[in-house]
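Descriptive analysis of the structure
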Amino acid sequence: MDKVGETTLEIDLSALEHNFRYLKSKLLPETKFLAVVKAFAYGSDMVAIAKKMETLGVDYFAVAYVKEGVLLRDAGIMSPILVLHPQPVNFGELIDRCLEPSLYSQKILKQFLKTAHQKKQKDYPVHLKFNTGLNRLGFWETDAEHISAQLAGRNEIKIKSIFSHLAASEDLTEKEFSQMQIKTFEKISAELNQKLGYSPFRHMLNTSGIINYPKAQFEMVRSGIGLYGYGNDAKEDQNLKPVATLKTIISQIHKIEPGETVGYNRAFASEDHRISATLPIGHADGIGRQYGKGKAHVTIHGKKAPIIGNVCMDMIMVDVTDIDCQEGDEVLVFGENASAEQFATLANTISYEILTAISQRVKRTYKDT
Ligand SMILES: *Cc1c(COP(=O)(O)O)cnc(C)c1O
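Reading the values: the criteria
Residues numbered from 1 in each chain as written. Predicted model: local features only at pLDDT ≥ 70, side-chain atom pairs only at ≥ 80, totals over all residues. Heavy atoms only, no water. Near = heavy atom within 4 Å. Polar contact = N/O pair within 3.5 Å; in protein donor to acceptor, adjacent residues only side chain to side chain. 1 Å grid on protein atoms, 1.4 Å probe; cavity = no way out; pocket = protein on both sides within 12 Å on 5 of 7 lines; lining within 4 Å. Sits in = over half its atoms within 2 Å of the grid points. Helix = DSSP H or I, 4+ residues; strand = E, 2+ residues; numbered from the N terminus. Nonpolar A, V, L, I, M, F, W, Y, C, P; charged D, E, K, R; others polar. Buried < 20%, exposed > 50% of the residue type's maximum accessible area, 1.4 Å probe, protein only. Contact = heavy atoms within 4.5 Å. UniProt positions renumbered as here; feature names shortened; annotations may be inferred. Domains from an automatic or database assignment. Buried area = accessible area lost by both parts, 1.4 Å probe. Salt bridge = Lys/Arg side-chain N within 4 Å of Asp/Glu carboxyl O. Axes fitted to C-alpha atoms, helices over the stretch in contact; angles between N-to-C directions. Parallel < 35°, antiparallel > 145°, perpendicular 65-115°, else oblique. Left-handed = near helix turned anticlockwise from the far one by under 90°.

1. Some thoughts on the site of the ligand
Within the structure, the ligand sits among 13 residues, and K38, Y42, T207, I225 and Y352 are positioned closest to it. At 2.5 Å, a side-chain N or O of T207 approaches an oxygen atom of the ligand. Interatomic distance of 2.9 Å between a side-chain N/O atom of R222 and a nitrogen atom of the ligand. Mapping the ligand onto the cavity grids shows that it belongs to the largest pocket. Elements supplying a minimum of two residues to the shell around the ligand: α2 (38-43) and β9 (220-223). Classifying every residue of the shell around the ligand gives five nonpolar, five polar and three charged.

Structure (C-alpha cells):
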C-alpha cells in the first residue's frame, strides 16, 4: 500500500476473507453465517465490508438500528438484514426497506404487529430474541405461551428465527453459565416450536461462542469481532488477521528542554532533553483521553513512541527521543503488526471499543489482494 499522507484507516478486504474462511472452518458446512456489521462494521466501513461479504456468500447481515440497515439498502445490499435493536418509531421505515426486526418483548411484538397490520403485511419475517441470562434484551423463558396466543389467528408476521446471546462466551471460567444458557435456549425453542406448529431457525453464538461452544451453532451463527480480526483470546488472534490498520504521519518535531512541558495542562513535564513528534490524530478521531499520559504508544520505524501529555481533539504528541525519524514519516497506531487489542489493553479497554471509536473523518482506503 502507498505511504499515507494523512491519518488513514486501511481496510484489508483479503484479511476479512481470511477471517470469514477461518470462522467457517469451525462450523458445519450447512450452518448459516450472519455477519454483524453494526457501528460502521466495527468502525471500518459498513458498505465496503457488506459488499465483500456478499461476494463471499454470507447468508445474513445484522445491524443495531434501522438507520444502519437503510444505509446498506441504499448501497444496494440485497441480503436479509436483521436489525438487533429497532425502535418502534422506525418500524414503518423498517418494513419499507425490507429490514427484519428483532422483537424482544410483548410490548414490542404488539407494536410491531400494529405497524405490520397498518401496512397490510402478510408473513413479514421477524426474529424473536430470548433472554437466557445476559439480562439485556429479550423475552422471558416463560413468554412462549403468550407469544403463540398473541399470534393465534393472525398472519401479518412470520417468525423466521429465534435467538439468544451468551453473556460470557469468551470467559471459560463461566463455562457452566454458558452451558446453562444453551440448555435454556434449547428448552425455549422446543416449547415454542410445539406451540407455533413450525420451527423457526435458531442462533446463539457470537465470535467467541463459535470458538468455544461450536456444538451450539444451531442453524446459524453471528460473528462480528472475529471477522474484523480479533478473537478475544491471544491464541485465536494468531489465527485471524486485523482488517483495519490505523496510520498517521508526523506533522512536526520539537526539541523539549529540561523543565519544559508538552501539551494542555502541561501534563508532560520533561526532566531532560527530549524530542517530541506531533501527530494529526486526536480524541475526535477516536483516540480517547485514556490513551494519553504515557499509557499507550504508537509505532514509528518499528519502535515504540509513547503518547505523552494529554490527548488533544485533533492531535497527540509522542516521545521520539530514541527514534530516528522526520516530519512526514509514517506512524502506525494499530492494526497489522500492532494489534488493536494490545493497544486497547494499554488503556484498560477492549478491541471493540477502540475499533468502533475511529470516527468518520478519518480517511478510509481499501486493499483486496
Ligand atoms: C454485536 C453482537 C454480536 C457480535 O458479537 P461479536 O463478539 O462481535 O462476534 C452478536 N450478537 C449480538 C446480539 C450482538 O449484539
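2. Observations regarding helix α4 (residues 66-74)
When α4 is considered as a whole, its buried residues turn out to be V66, E68, G69, V70, L72 and R73. Buried residues along α4 sit against α2, α3 (46-55), β3 (60-63), β4 (81-83) and α5 (91-96).

3. Focus on the UniProt feature "binding site: substrate" (unreviewed entry) in the protein
The sites that UniProt annotates as "binding site: substrate" (unreviewed entry) are R136 and M313. Over a stretch of 178 residues, the named residues are scattered through the fold, their C-alpha atoms separated by up to 33.0 Å. In the annotation above, R136 are the residues that line the largest pocket. Note that R136 resides in the loop between β6 (124-129) and α7 (144-151). Setting aside chain neighbours within four positions, we find R136 in contact with K129 and H165. Relative to the helices and strands, M313 resides in the loop between β16 (303-308) and β17 (316-319). For M313, a relative accessible area of 47% gives the class partly exposed.

4. Observations concerning the domain arrangement of the protein
Considered domain by domain, the protein is made up of domain 1 (31-228) and domain 2 (244-367). Between domain 1 and domain 2, the C-alpha centre-to-centre distance is 38 Å. Taken residue by residue, the interface counts eight residues in domain 1 and eight residues in domain 2. Interface area for domain 1 against domain 2, summed over the two sides, is near 770 Å², with a carbon-plus-sulfur share of 60%. Between the two partners, domain 1 and domain 2, sit zero salt bridges.

5. Looking at the UniProt feature "domain: Alanine racemase C-terminal" (unreviewed entry) in the protein
According to UniProt, the "domain: Alanine racemase C-terminal" (unreviewed entry) feature falls on residues 243-367. Taken as a whole, residues 243-367 contains 11% helix and 36% strand, while its terminal C-alpha atoms sit 10 Å from one another.

6. Side note on the packing of α3 against α4
Two packed helices can be described by the angle between their axes and the distance between those axes. At a minimum axis distance of 10 Å, the contact between α3 and α4 shows a crossing angle of 60°. The pairing of α3 with α4 is recorded here as oblique in orientation. The two elements α3 and α4 meet at a crossing, and its hand is right-handed. On α4, the residues touching M46, V47 and A50 of α3 are E68, L71 and L72. Looking at side-chain class alone, the contact of α3 with α4 contains five nonpolar, no polar and one charged residues.

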